[in-house]
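Coordinates in review
Listed below are the residues making up each chain.
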Amino acid sequence: MIKGLPQLEIRDNIVCAGCQYEKSYQLPFEESMLNAKAPLELVHSDVFGKVKQSSIRGYRYLLMTFPDMFG
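What counts as what
Position numbers for residues count from 1 along each chain, tracking the sequence in the order it is written. Note on the predicted model: pLDDT of at least 70 is required for a residue's local features to be given, and 80 or more for side-chain atom pairs to be given and counted; whole-chain, interface and lining totals, by contrast, use all residues. Hydrogens are left out, water is left out, and the side-chain values use all remaining heavy atoms of the structure. Comment: elements are numbered from the N terminus, with helices defined as DSSP H or I runs of at least four residues and strands as E runs of at least two. Think of it in three bands: with a 1.4 Å probe and only protein chains considered, a residue is buried below 20% of the maximum accessible area for its type, exposed above 50%, and partly exposed in between. Computed by Shrake-Rupley with a 1.4 Å probe, the accessible areas treat only the displayed protein chains as cover when residues are assessed. Patch building starts from residues that exceed 30% relative accessible area and form no salt bridge, then joins like charges within 9 Å and nonpolar side chains (Val, Leu, Ile, Met, Phe, Trp, Tyr) within 5 Å. Criterion for a salt bridge: a side-chain nitrogen of Lys or Arg within 4 Å of a carboxyl oxygen of Asp or Glu. Should any heavy atoms of two residues lie within 4.5 Å, those residues are considered in contact.

Further remarks concern the overall build of the protein. Of the regular secondary structure elements, the protein holds one helix and two strands. Of the regular secondary structure in the protein, the N- to C-terminal order runs α-β-β. In the protein, which comprises 71 residues, the share counted as buried stands at 7%. For the protein, the accessible area works out to roughly 7,400 Å², and carbon and sulfur atoms hold 58% of it.

Working note: non-glycine residues mostly have negative phi, and peptide bonds are mostly trans. Cis geometry is adopted by the peptide bond preceding Lys 50, which originates at Gly 49 and carries an omega value of 5°. Looking at the secondary structure, you find Lys 50 in the loop between strand 1 (43–49) and strand 2 (61–67). Of note, Leu 40 is a non-glycine position whose phi angle comes to about 70°, a positive value. With respect to the element layout, Leu 40 can be found in the loop between helix 1 (17–22) and strand 1.

All right, on to a nonpolar patch on the surface then. A cluster of nonpolar side chains, Val 47, Tyr 61 and Leu 63, forms an exposed patch at the surface whose accessible area comes to about 350 Å². Following the sequence through the fold, Val 47 ends up in strand 1.

Our next topic: the environment of Leu 63. Position of Leu 63 relative to the elements: it lies in strand 2. Taking C-alpha positions, Leu 63 is 8.8 Å from Gly 49, a pair spaced 14 residues apart along the chain. Ignoring sequence-local partners within four residues, the contact set of Leu 63 consists of Ser 45, Asp 46 and Val 47.

Following this line, the structure appears as structure tokens:
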């Protein structure tokens, strides 16, 4: 074990939400009519949650951001 890390409770009888979402299927999105003309002009984001199993700090939502770096 690594010193300084908290002892985590391992629950092997729970299927986490991430595993469930990973196995789900979604149809592709329609092609966007927006085109960025400069880097960071277009930013995509998504909120993931509310999940049953919270993080170590108690969070139950995740904000994912995908900037358009190429313009």
